[in-house]
Amino acid sequence: MTTDPHTHGLSTLCIHAGTHLDQATGGACSPIFTSTAYAFPNPAKQNIYPRYFNTPNQQVINCKLAALEKGEAALVFGSGMAAISTLLLAHLKPGEHAIFQNDLYGGSMRLISSELPRLGVQLSWGANVAEFAAALRPETRLIYVESPSNPLLHCIDLAALAALGKRHGVLTVIDNTFATPINQNPIPLGIDAVIHSATKYLNGHSDVNAGVVVASAEIVSRVTESAVNFGGMLDAHACSQLERGLKTLALRVQRHNENAATLARFLASHPAVSKVNYPGLPEHPDHAIAARQMRGFGGMLSFELCQPERLDGLLSRLRIVMPALSLGGVESLICVPSRSTHRTMTPAERQRAGISDGLLRVSAGIEDAEDLLEDFSEALAVE
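So, here's what we can say about the structure. Per-chain numbering applies: the sequence of each chain, read as written, is numbered from 1 onward. The predicted nature of this model means local features are confined to residues of pLDDT at least 70 and side-chain atom pairs, given and counted, to a pLDDT of 80 or more, with totals for whole chains, interfaces and linings taken over all residues. Think of the side-chain values as coming from all heavy atoms in the structure, minus any hydrogens and water.

In this section: the environment of Asn128. Helix and strand assignments come from DSSP, with helices taken as H or I runs of at least 4 residues and strands as E runs of at least 2, each series counted from the N terminus. Residue placement: Asn128 occurs in the loop between strand E3 (122-126) and helix H5 (129-135). The exposure class of Asn128 is partly exposed, given its relative accessible area of 32%. Distance from Asn128 to Ile156, taken between C-alpha atoms, is 6.1 Å for residues 28 residues apart in sequence. Between N or O atoms, a polar contact is any pair within 3.5 Å; within protein, one atom must be a potential hydrogen donor and the other a potential acceptor, and residues adjacent in sequence are included only when both atoms are from side chains. A distance of 3.2 Å separates a polar side-chain atom of Asn128 from the backbone nitrogen of Ala130. For each residue, the accessible area found with a 1.4 Å probe, counting protein chains only, is set against the maximum for its type, and the residue is called buried under 20%, exposed over 50%, and partly exposed in between.

On to the packing of helix H3 (residues 80-91) against helix H4 (residues 106-118). A pair of packed helices is captured by two measures, namely the crossing angle of their axes and the spacing between those axes. All axes are obtained by fitting lines to C-alpha atoms, using only the stretch in contact for helices, and the reported angles, taken between N-to-C directions, cover 0 to 180 degrees. At their nearest, the axes of H3 and H4 sit 11 Å apart, and the two run at 35° to each other. Seen from above, H3 lies across H4 with right-handed handedness. Listed contacts from H4 to Met81, Ile84, Ser85, Leu88 and Leu89 of H3 are Gly107, Ser108, Leu111, Ile112 and Leu116. Put simply, Ala, Val, Leu, Ile, Met, Phe, Trp, Tyr, Cys and Pro go in the nonpolar bin, Asp, Glu, Lys and Arg in the charged bin, and everything else, Gly too, in the polar bin. The residue inventory of the contact of H3 with H4, partitioned by class, reads 7 nonpolar, 3 polar and no charged. With the far helix as reference, a near helix turned anticlockwise by less than a right angle produces a left-handed crossing, and one turned clockwise produces a right-handed crossing. In this description, contact between two residues means that some pair of their heavy atoms is separated by no more than 4.5 Å.

Here we take up the pattern of salt bridges. Take a side-chain nitrogen of Lys or Arg and a carboxyl oxygen of Asp or Glu: if they are within 4 Å of each other, that pair is a salt bridge. The full count for this structure, using the stated rule, is 8 salt bridges. When the shortest N-O distance is used, the salt bridge between Arg118 and Glu115 registers 2.5 Å. Here Arg118 pairs with Glu115, and both are found in helix H4, just 3 residues apart, close to one helical turn. The partner of Asp312 in a salt bridge is Arg339, with the nearest N and O atoms 2.7 Å apart. Pair noted here: Asp312 is in helix H12 (residues 311-317) and Arg339 is in the loop between strand E11 (333-335) and helix H13 (347-353), with a separation of 27 residues, a long-range link.

Glancing now at the nonpolar core. Buried Ala, Val, Leu, Ile, Met, Phe, Trp, Tyr and Cys residues that are joined via side-chain atoms within 4.5 Å together make up what is termed a nonpolar core. Core analysis: the largest hydrophobic core is formed by 48 residues, its most contacted members being Ile143, Leu242 and Leu249. Considering every element that reaches this core, the biggest residue donor is helix H2 (residues 56-69), with 5 residues. The next biggest cluster of nonpolar side chains, apart from the first, holds 31 residues, and it includes Ala83, Leu88, Met109 and Tyr144.

Turning to the sheet that holds strand E4 (residues 140-146), a few remarks are in order. Think of a sheet as strands paired side by side through backbone hydrogen bonds, with each pair either parallel or antiparallel. The rule for pairing is simple: two strands pair if DSSP sees at least two bridges between them. Strand order in the open sheet formed by 7 strands is E1-E7-E6-E5-E4-E2-E3, with mixed pairing between adjacent strands. A single partner strand is all that each edge strand has here, and the edge strands are strand E1 (73-77) and E3. Looking at each pair of strands side by side, their axes are set apart by 20° on average, direction ignored. In the sheet, E4 pairs with strand E5 (residues 171-175) via 5 bridges, with the strands oriented parallel. The residue bridging Ile143 from the neighbouring strand is Thr172, located in E5.

To continue, consider unusual backbone geometry. Pro41 follows Phe40 through a cis peptide bond whose omega is 5°. Cis geometry marks the peptide bond from Ser147 to Pro148; its omega dihedral reads -5°. Inspection of the secondary structure puts Pro148 in the loop between E4 and helix H6 (158-168). For Leu153, which is not a glycine, the phi torsion comes out positive at approximately 60°. Here Leu153 lies in the loop between E4 and H6.

As summarised here, the arrangement of the 5 strands in space is E8-E9-E12-E11-E10, forming an open sheet in which the pairing is mixed. Edge positions in the open sheet fall to strand E8 (273-277) and strand E10 (322-323), since each of these has one partner strand only. The pairing of E10 with E11 spans 2 bridges and is parallel. When the bridges of E11 are listed, Pro323 appears paired with Ile334. Against the sheet, helix H10 (residues 249-268) contacts E8, strand E9 (300-305) and strand E12 (359-363), and its axis sits at roughly 15° relative to E9.

Glancing now at a nonpolar patch on the surface. Only residues above 30% relative accessible area that lack a salt bridge enter a patch, with like-charged residues linked at up to 9 Å and the nonpolar side chains Val, Leu, Ile, Met, Phe, Trp and Tyr linked at up to 5 Å. The method behind every accessible area is Shrake-Rupley, applied with a 1.4 Å probe, and residues are considered shielded solely by the protein chains displayed. A surface patch of nonpolar side chains, amounting to about 250 Å² of accessible area, comprises Leu89, Leu119 and Phe230. Tracing the backbone shows Leu89 in helix H3.

With that settled, consider the packing of aromatic side chains. Only Phe, Tyr and Trp rings are paired, with Trp represented by its six-membered ring, and only when their centres lie within 6.5 Å; those with planes under 30 degrees apart are stacked, over 60 edge-to-face, the remainder tilted. Under the definition given, this model contains 5 aromatic pairs. Judged by centre distance (5.4 Å) and plane angle (70°), the rings of Tyr49 and Tyr52 are edge-to-face. Taking the relative accessible area as the measure of exposure, Tyr52 reaches 30% and is therefore partly exposed. The rings of Phe100, Trp125 and Tyr144 are connected pair by pair, giving a single aromatic cluster.

Written out as structure tokens, the structure is:
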């Protein structure tokens, strides 16, 4: 089905954009094309092959995500890190310079800190657009951010960042995983490229690893050239599962937003909690930025206890919320970033990013809010 992103709402795009219609059966769902060998020559004069990122099931995801993020094109990968690494390596050469946000996902930080310098790429770090501007050099080629960030939920002024990049001819890239395209569309604000770990909200059921890059056709073409060499594609069955997850994305994100906001308000008023990071709270330092560029504040939050030494006791008393890695699924999860998502960072790197050993990150699922509140209330009561 051809669906015009300019004339349809996000829920409609989640369901219909990119669907591969089977002319033989007229089925409502895209068929799964398991072939790794496709006829050549063919009428389209195209060499179709999974590693070339152009099989029917891959194209379904590409079309759907391009429509949802309001980009010209998209490319689906086998993981979020495959998407991130391929985009970075496609655009950075030895001797060039890139600027990164201080508090990024730990896997991204490890890639940036260990691989890019080895390849001769110079790095700078910053917390906001003013610091990115101060770090610019003649050889700067790229600025990379998360907004909201993982795990402190910092928000970057995306329109100001895009304007900075345009003035200096610097590519601007955002990891939009926490926000999802339901809550935030950076491309209309001027950002050049959007990345998602589709493992998280886009799939939404904790059973597929995937990643996506969305951008202009020119940028995606450049990324594709490198992607074909690196081989980080997603297979047909996983594409089909991801497509199924995407169909309910708008509905799920609405519930994620509601539950996270409810938990954030509860935790912010609890005497055992010293700090809550959630951009939907008026006291969050970036609340005004988030309110300006987001339609919803997302399903992620983090918090710290007044007595961090009681963290393990809290985790052991939770009965519904599951201590586990990852995020964005229908089930509520909680983790300690210093021990898990950001454990590969050095203590100095975590300190620079503002990630304390006692920080807890919560991915609010879509359970009944009352049950989540009761679970946290009972776990915190002993404190």
